[in-house]
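Observations on the model geometry
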Amino acid sequence: MPLIKVQTSIAAPEPAQVTALLKQLSASLAQQVGKPESYVMTALEPGVAMTFGGTPDPACYIEIKNIGTFSPSQTKAMSQDFCQKIEANLGIPAKRIYIEFTNATGTLWGWNGSTFG
């Protein structure tokens, strides 16, 4: 059930660029957490009103959720990986990206009419 949700202040990129980015993020998240990509969900929300450091310059907020516990080395590696991907694909500097990592319990994540716990 890994999830990566990207919210950004920039306008929506071309649909093909969005699809390519989401596919990159999906494969990378599956690899990073060691789970099948068939369970990974990705989302991109462009055009979100936001500021960072008091300015409306392009910025990005990323949520990464997973059933289990992230280790400090895992979150550091994911932060580097996903910041690089967002900067390369959307042009948002890594210094204007926040990432929130959330450990989830299986009983609090539903799927297919049931839960993972």
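Let us look at the structure shown here.

Parameters at a glance
- Residues numbered from 1 in each chain as written.
- Predicted model: local features only at pLDDT ≥ 70, side-chain atom pairs only at ≥ 80, totals over all residues.
- Heavy atoms only, no water.
- Core = buried A, V, L, I, M, F, W, Y, C linked by side-chain atoms within 4.5 Å.
- Buried < 20%, exposed > 50% of the residue type's maximum accessible area, 1.4 Å probe, protein only.
- Helix = DSSP H or I, 4+ residues; strand = E, 2+ residues; numbered from the N terminus.
- Contact = heavy atoms within 4.5 Å.
- Pairing = 2+ DSSP bridges.
- Axes fitted to C-alpha atoms, helices over the stretch in contact; angles between N-to-C directions.
- Salt bridge = Lys/Arg side-chain N within 4 Å of Asp/Glu carboxyl O.
- Patch = residues over 30% accessible without salt bridge, like charges linked within 9 Å, V, L, I, M, F, W, Y side chains within 5 Å.
- Areas by Shrake-Rupley, 256 points an atom, 1.4 Å probe, with all protein chains shown as cover.

Time to look at the nonpolar core. Counting 24 residues, the largest nonpolar core has Ile62 and Ile86 as the members making the most contacts within it. Here this core gets seven residues from one element, more than from any other, and that element is helix H1 (residues 15-33). In contact with isoleucine 86, other than residues within four places in its own chain, are Val6, Leu21, Cys60, Ile62, Gly91, Ile92 and Ile97.

Before going further, it helps to spend a moment on the sheet that holds strand E2 (residues 41-45). Backbone hydrogen bonds hold the strands of a sheet together, and the pairing may be parallel or antiparallel. Spatially, E2-E1-E3-E4 is the arrangement adopted by the four strands of the open sheet, whose pairing is mixed. Of all strands in the sheet, those with a lone pairing partner are E2 and strand E4 (97-104), marking the two edges. On average, each strand axis in the sheet is tilted by 10 degrees relative to the strand beside it, whichever way the strands run. Along the sheet face, H1 touches strand E1 (3-8), E2 and strand E3 (60-67) and points at about 140 degrees away from the line of E2. Contacting E1, E3 and E4, helix H2 (residues 72-90) runs over the sheet at an angle of about 135 degrees to E4.

Next up on the list: the pattern of salt bridges. A full pass over the atoms with the stated rule returns three salt bridges. The shortest N-O distance in the salt bridge between lysine 5 and glutamate 45 comes to 3.3 Å. Of this pair, lysine 5 sits in strand E1 while glutamate 45 is found in strand E2, placing the two residues 40 residues apart along the sequence.

What follows covers a nonpolar patch on the surface. On the surface, Tyr39, Trp111 and Phe116 cluster together into a nonpolar patch covering about 300 Å² of accessible area. Its location among the elements puts tyrosine 39 in the loop between H1 and E2.

Turning our eyes to something else, we now look at the pairing of E3. Among the eight residues that make up E3, six are buried, leaving the element largely enclosed by the rest of the structure. By the bridge criterion, six bridges tie E1 to E3 in an arrangement that is antiparallel. Bridge assignment links leucine 3 to a residue of E3, and that residue is lysine 65. Relative to E4, E3 is paired through eight bridges, and the arrangement is parallel. Residue pairing across strands places isoleucine 62 opposite isoleucine 99, the latter belonging to E4.

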